[in-house]
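The residues making up each chain are set out below.
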Amino acid sequence: MKTTPPRVSLPAGLRGPGRWAVLPAAALAGAVLGGGYGALKTPQYAATSYVIVVPAEKSDPSGALGFAQAYGRVATDIAVTGDAQVWAGVTAATLRRSVRAETSPDAPMISITARAEKSSKAVAMADGVARALVLNSSHVAGSTGVKVVQFSRATEPVAPVSPSASLSAVVGGCAGGLLGGLALLVRPRRAAARGEARHSRQPAAPAVPASTAVPAPAAAHQPEAV
């Protein structure tokens, strides 16, 4: 005897063909918005300068790694208090917002990355912060026993690091499609919940009290036989 597998039926809110048009419409809207944002946004360029912390004479070489971590944490503060903003031609707030310093866990090296709307400005900010670190370390080398040395200057980038208009359109289309799919799944549940709430608010039929019940008809009077 053959048995047919049970059919999986979609919710009533998803059976209408018009509701599925929300998915491509949302994906298209997301792609248009993402592409427009990528085309109108100003591209960002990134430049990276490298410095290395070296121990001075008769100093413990293992201390260089610890000082590299410390210099990496306060790189932007040292740059602001120094002349980095003058060399880069930007404000202190721009340096704090656009420059990021990263250190290596196994080498006393610090990478200084700056982002700007112009490639030349990104190079100037990265090299300015690196130069500020070198000067600051030379002033306190007698007490720290280490100094910062320029390892590699920043090179001018040839391409922006910000996403292009096509990539922004793809990301926007995926996000729009995802939101459209979520809307299709959530809307039928809300409609069903509203229907249940509406049904529960309907007044129930009034109960008939026992005192008002219709009495049963009396039995017909039969004449007695003589």
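Residues numbered from 1 in each chain as written. Predicted model: local features only at pLDDT ≥ 70, side-chain atom pairs only at ≥ 80, totals over all residues. Heavy atoms only, no water.

**What to know about the pattern of salt bridges**
Here is step 1 of the chain: Counted under the stated rule, the structure contains 3 salt bridges.
Here is step 2 of the chain: Ionic pairing is found between Asp77 and Arg96, a salt bridge with its closest N-O pair at 2.7 Å. Taken as a pair, Asp77 in helix 4 (residues 75-81) and Arg96 in helix 6 (residues 92-98) lie far apart in primary sequence, 19 residues in all.
Here is step 3 of the chain: We classify Asp77 as partly exposed; its relative accessible area is 33%.
Here is step 4 of the chain: Assessed through its relative accessible area of 46%, Arg96 is described here as partly exposed.
Here is step 5 of the chain: Among the ionic pairs, Glu102 bridges to Arg100, the shortest N-O distance being 3.0 Å.
Here is step 6 of the chain: Look at Glu102 and you get partly exposed, because its relative accessible area is 43%.
Here is step 7 of the chain: For Arg100, a relative accessible area of 42% translates into the label partly exposed. (Salt bridge = Lys/Arg side-chain N within 4 Å of Asp/Glu carboxyl O. Helix = DSSP H or I, 4+ residues; strand = E, 2+ residues; numbered from the N terminus. Buried < 20%, exposed > 50% of the residue type's maximum accessible area, 1.4 Å probe, protein only.)

**Overview of the environment of Val90**
Here is step 1 of the chain: Note on placement: Val90 falls in the loop between helix 5 (84-88) and helix 6.
Here is step 2 of the chain: Not counting chain neighbours up to four residues away, the residues in contact with Val90 comprise Gln85, Leu95, Lys121 and Met125. (Contact = heavy atoms within 4.5 Å.)

**Digging into the layout of surface pockets**
Here is step 1 of the chain: Volume-wise, the largest pocket comes out at about 190 Å³.
Here is step 2 of the chain: Lining the largest pocket are Gln44, Thr94, Arg97, Ser98, Val99, Arg100, Arg115, Ala116, Glu117, Lys118, Lys121 and Met125.
Here is step 3 of the chain: Of all the elements in the fold, those that place two or more residues in the lining of the largest pocket are helix 6, strand 2 (99-103), strand 3 (109-116) and helix 7 (119-139).
Here is step 4 of the chain: Looking at the lining of the largest pocket, the element that brings in the most residues is helix 6, giving 3 residues.
Here is step 5 of the chain: Of the residues contributing to the lining of the largest pocket, the split by class is 3 nonpolar, 3 polar and 6 charged. (1 Å grid on protein atoms, 1.4 Å probe; cavity = no way out; pocket = protein on both sides within 12 Å on 5 of 7 lines; lining within 4 Å. Points joined across faces, edges and corners; volume = space filled by probe spheres on them. Nonpolar A, V, L, I, M, F, W, Y, C, P; charged D, E, K, R; others polar.)

**Thoughts on the packing of aromatic side chains**
Here is step 1 of the chain: One pass over the full model with this rule turns up 0 aromatic pairs.
Here is step 2 of the chain: The ring of Trp87 has Arg131 sitting right over it, with the charged end atom 4.0 Å from the ring centre. (Phe/Tyr/Trp six-rings, centres within 6.5 Å; stacked < 30°, edge-to-face > 60°. Lys NZ or Arg CZ within 6 Å of the ring centre and 35° of its normal.)

**Section: the nonpolar core**
Here is step 1 of the chain: The biggest cluster of nonpolar side chains holds 29 residues, and the ones touching the most others in it are Val53, Leu95, Ile112, Met125 and Leu133.
Here is step 2 of the chain: Going through the elements one at a time, strand 1 (45-55), helix 3 (63-73), helix 4, helix 5, strand 3, helix 7 and strand 4 (146-152) are the ones with two or more residues in this core.
Here is step 3 of the chain: The greatest single-element share of this core, amounting to 8 residues, is contributed by helix 7.
Here is step 4 of the chain: Filtering out sequence-adjacent residues up to four positions away, Val53 remains in contact with Ala64, Phe67, Ala68, Tyr71, Pro108, Ile110, Val146, Lys147 and Val148. (Core = buried A, V, L, I, M, F, W, Y, C linked by side-chain atoms within 4.5 Å.)

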